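Each chain is listed here by its residues.
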Amino acid sequence: MSRYLLDKFLYDVDRDPELTEAYRADPAALVERWERERMRVLTGVPGDDTTWTRLTDEERGALVAHDYVAIQELGGHPFLTLTLFIALFERDHAEPLGFQREYARRLAHWSLPYPDIAT
Amino acid sequence: MAQLVAVLATTHHPFYYRTSTLPPGERPDFADAWVRKVEAYRETLTRMRPDVLVMVGSDHFHQLWLDNMPQFLVGKAPFYDANFHNEEREFGLPRMLLRGHEQLSAHMLREGLDKGFDLAFSNELRVDHSITCPIVTLRPQNDLPIVPLYTNIFAPPLPQPKRFVQLGRAVREIVDSWPSGLRVAVIGSGHLSLELGGPRQFGPHGPDPVFDRKAVGWIASGDIEGALSEVSLDSLWEPGNATHGFMDFLLMMGVAGGTEAAHADSLDLFHTMEAYFTWYPNGADA
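Since this is a predicted model, take the numbers as computed values, not measurements.

**Student:** How would you sum up the overall build of chain A? Please name residues and give values.
**Tutor:** From N to C terminus, chain A includes seven helices and zero strands. In chain A, the succession of helices and strands from N to C terminus is α-α-α-α-α-α-α. Computed over the C-alpha atoms, the radius of gyration of chain A is 15 Å, within 12% of the 14 Å expected from 2.2 N^0.38 for a compact globule of 119 residues. Out of the 119 residues belonging to chain A, those deemed buried represent 50%. In chain A, 14 side chains carry a positive charge and 22 a negative one; their mean positions are 1 Å apart.

**Student:** Describe the side chain of S122 of chain B, listing the residues and the values that go with them.
**Tutor:** On the secondary structure map, S122 of chain B appears in strand β6 (residues 120–122). Filtering out sequence-adjacent residues up to four positions away, S122 of chain B remains in contact with Q63, L73, V74, G75, K76 and A77 of chain B.

**Student:** I'd like a description of the sheet that holds β6 of chain B, backed by residues and values.
**Tutor:** Residue and element names in this part refer to chain B. What the eight strands build is an open sheet, ordered β6-β3-β7-β2-β8-β1-β10-β9; its pairing is mixed. Edge positions in the open sheet fall to β6 and β9 (263–268), since each of these has one partner strand only. Going across the sheet, the axis of each strand differs from the next one's by a mean of 15°, ignoring polarity. Relative to strand β10 (residues 273–279), strand β1 (residues 3–11) is paired through four bridges, and the arrangement is antiparallel. The partner of T10 across the bridge, within β10, is Y276.

**Student:** Before we move on, could you go through the interface of chain A and chain B and cite the residues and values that matter?
**Tutor:** Listed by partner, the interface residues are 31 residues for chain A and 25 residues for chain B. A per-residue breakdown of the area chain A buries against chain B is headed by Y11, F79 and Y114 of chain A, which together make up 24% of the total. The interface formed by chain A and chain B contains one salt bridge. The closest approach of N and O atoms between R89 of chain B and D14 of chain A, which form a salt bridge, is 2.6 Å. If you look at where chain A meets chain B, you find eight residue pairs in polar contact (both at pLDDT 80 or more). Of all the secondary-structure elements, those providing two or more residues to the side of chain A that touches chain B are α1 (3–14), α2 (17–25), α6 (78–89) and α7 (98–106) of chain A. With seven residues, the single largest contributor to the side of chain A that touches chain B is α6 of chain A. The residue inventory of the side of chain A that touches chain B, partitioned by class, reads 20 nonpolar, six polar and five charged.

**Student:** Could you give me a rundown of the packing of helix α6 (residues 161–176) of chain B against helix α9 (residues 246–256) of chain B, with the residues and numbers involved?
**Tutor:** Residue and element names in this part refer to chain B. Where α6 meets α9, the axes come as close as 6 Å, and the angle between the chain directions of the two elements is 35°. Classified by chirality, the crossing of α9 by α6 is right-handed. Between α6 and α9, the contacting residues are P161, F164, V165, L167, G168, R169, V171 and R172 on the first element and M247, D248, L250, L251, G254, V255 and A256 on the second. Partitioned by chemical class, the residues of the contact of α6 with α9 number 10 nonpolar, two polar and three charged.

**Student:** Describe in detail the pattern of salt bridges, supporting the description with residues and values.
**Tutor:** Residues and elements named next belong to chain A. In this structure the tally under the stated criterion is 22 salt bridges over all chains. When the shortest N-O distance is used, the salt bridge between D57 and R60 registers 3.0 Å. Here the residue D57 and the residue R60 both occupy positions in helix α4 (residues 57–64), the gap between them amounting to three residues, near one helical turn. Take D57: its relative accessible area is 63%, and that puts it in the exposed class. Among the ionic contacts, a cluster of salt bridges with common partners joins E18, E32, R33, R36 and E37.

**Student:** Which residues make up α6 of chain B, and what values do they have?
**Tutor:** If you check α6 of chain B, its first and last C-alpha atoms are 23 Å apart, about what 16 residues at 1.5 Å a residue would give, namely 22 Å. P161, F164, V165, L167, G168, A170, V171, I174 and V175 of chain B are the residues of α6 of chain B that are buried.

**Student:** For the packing of aromatic side chains, give the residues involved together with the corresponding values.
**Tutor:** Residue and element names in this part refer to chain A. One pass over the structure, following the stated rule, counts 27 aromatic pairs over all chains. Through successive ring pairs, a cluster of aromatic residues spans F9, Y23, W34, Y68, F85, F89, F99 and Y103. Directly above the ring of Y68 sits R106, whose terminal nitrogen or CZ lies 4.6 Å from the centroid.

**Student:** With reference to specific residues and values, describe unusual backbone geometry.
**Tutor:** Of note, the bond from L112 of chain A into P113 of chain A is cis; its omega dihedral lies within 30 degrees of zero at -5°. Structurally, P113 of chain A can be placed in the segment after α7. In this model, P156 of chain B is joined to P157 of chain B through a cis peptide bond whose omega is 5°. Mapped onto the secondary structure, P157 of chain B falls in the loop between β7 (146–151) and α6.

**Student:** Let's hear about the side chain of S193 of chain B: which residues, and what values?
**Tutor:** Residues and elements named next belong to chain B. Mapped onto the fold, S193 is located in the loop between β8 (183–190) and α7 (209–221). Looking at S193, its side chain comes within polar contact range of the main-chain nitrogen of D208, at 3.1 Å. Beyond its immediate stretch of four places on either side in the chain, S193 contacts G206, P207, D208, F211, D212, P239, T243 and T272.

**Student:** Report on α1 of chain A, specifying residues and quantitative values.
**Tutor:** Across its 12 residues, α1 of chain A extends 16 Å between first and last C-alpha, which sits within 8% of the 16 Å expected from 1.5 Å per residue. Counting buried positions along α1 of chain A gives 11 out of 12 residues, so the element sits mostly inside the fold. Of all the positions in α1 of chain A, only R3, L5, L6, D7, K8, F9, L10, Y11, D12, V13 and D14 of chain A are classed as buried. Where α1 of chain A is buried, its residues meet α2, α3 (27–37), α4, α5 (68–73) and α6 of chain A together with α3 (85–91) of chain B.

Calculation rules
- Residue numbers restart at each chain and count upward from 1, following the sequence in its written direction.
- Just so you know, chain letters begin at A and ligand numbers begin at 1, following the order they were written in.
- For a predicted model such as this one, the threshold for reporting local features is a pLDDT of at least 70, and the threshold for listing and counting side-chain atom pairs is 80 or more; totals across whole chains, interfaces and linings nevertheless cover every residue.
- Heavy atoms throughout the structure, all of them, feed into the side-chain values; hydrogens and water do not.
- Starting at the N terminus, helices and strands are each numbered in turn, a helix being any DSSP run of H or I of at least four residues and a strand any DSSP run of E of at least two.
- Using C-alpha atoms as the atom set, the radius of gyration is obtained and then compared with a globule rule of 2.2 Å times the number of residues to the power 0.38.
- The classification of residues rests on relative accessible area computed with a 1.4 Å probe and restricted to protein chains. Under 20% of the type maximum is buried, over 50% is exposed, and intermediate values are partly exposed.
- Two residue types count as positive, namely Lys and Arg, and two as negative, namely Asp and Glu; His and chain ends fall outside the count.
- In this description, the location of a charge corresponds to atom NZ of lysine, CZ of arginine, CG of aspartate or CD of glutamate.
- For this analysis, residues touch if any pair of their heavy atoms sits within 4.5 Å.
- Strands are treated as partners if at least two bridges between them are detected by DSSP.
- Helix axes are fitted only over the stretch in contact, all axes being lines through C-alpha atoms; the angle between N-to-C directions runs from 0 to 180 degrees.
- The term buried area means the drop in 1.4 Å probe accessible area that two parts suffer when joined, counted for both and summed.
- Each salt bridge in this description consists of a side-chain nitrogen of Lys or Arg and a carboxyl oxygen of Asp or Glu lying within 4 Å of one another.
- Nitrogen and oxygen atoms within 3.5 Å of one another constitute a polar contact, given that in protein one can donate a hydrogen and the other can accept it, and given that sequence-neighbouring residues count only through two side-chain atoms.
- Note on residue categories: nonpolar means Ala, Val, Leu, Ile, Met, Phe, Trp, Tyr, Cys or Pro, charged means Asp, Glu, Lys or Arg, and polar means any other residue, Gly included.
- Should the near helix be turned anticlockwise from the far one by less than a right angle, the crossing is left-handed, and should it be turned clockwise, the crossing is right-handed.
- To estimate how far a helix should reach, multiply one less than its number of residues by 1.5 Å.
- When the centres of two rings from Phe, Tyr and Trp lie within 6.5 Å, Trp using its six-membered ring, the rings pair. Their planes under 30 degrees apart give stacked, over 60 give edge-to-face, and anything left gives tilted.
- Both a distance and an angle decide whether a charge sits over a ring: NZ of Lys or CZ of Arg must be within 6 Å of the ring centre and within 35 degrees of the ring normal.

In short, shape yes, function no, at least from these values alone.
Listed below in structure tokens is the structure:
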């Protein structure tokens, strides 16, 4: 499990509008680019990049599929997941909060306790 | 010594700014009542003529991140840029610049460390909507210097609820012992029941109205022991998966000293209940 790394993807892509749009347009390409260019960045000094971080196939698959239910069930932080996916898909819904309510419906099968998000 | 003239504990609703600045014809039907309540609440701060504001909030993974996560952090900087790209994008919040009060920040850090709170600090901090929402509602002219105090209510493992109360009590002592002639207000923002990224999000009201009624009762009456007897890190998942933000209210109850609030108001909105509380620790005429 690499919840931290899933969260790092969500955090990183959410706060950079260029990455957000690239993720919307071509998730497979953006995930591949992120793993290559950004996943190991820690301090910003290239020589000090992290050496050991890896997404699992399941995590990569959920990110490539834009599958926010799977991301959260893998332990992705709900605030990060919701915020990024609002940025990606709210625009496709005419009704205010339409996407947020669809998101809630897709999680309707959940009961407490929700997936563990501790990193 | 400095005088603690007001303690305010409030929810922070990121959509208030956009809702209240819409032209009258475009406002949703709940907007006018909301604005009236906020303006009445603002007066509880204005009338106490504060000189400096201690602002308690919680960064939402904006600057504070999982590679280096403090539990409690005090800003010590001459200025604080405010609001982030994703808050502008999602909530329509404006970019802001707040002035800092470094002398009170330094006092807070020294005294906090000496009282057993190993506070982190930041000399270059961009504050987010947990601090700017109360500025927008309570001090929209943004003319007072601040000391930001951030808590971790967001990234487990979290400090225990009682630790928030203890820190609030310490903040009260720290302000009271500040050698300054200034009038200080402590303003904290948190949440009642709240769900974000869960099946109960964005419903017609908050995810747990029973918890909300109880919580408002605890806060308004200053019932710290009652709150602590029913709330734990595990239990706070039940009213909604973002309800740990209630611990910022516990911190503010610690600052207020377990007394009844002079002003207590609330408003049921879609998605969440708004709630506003004010205490005057040295009397309403201080």
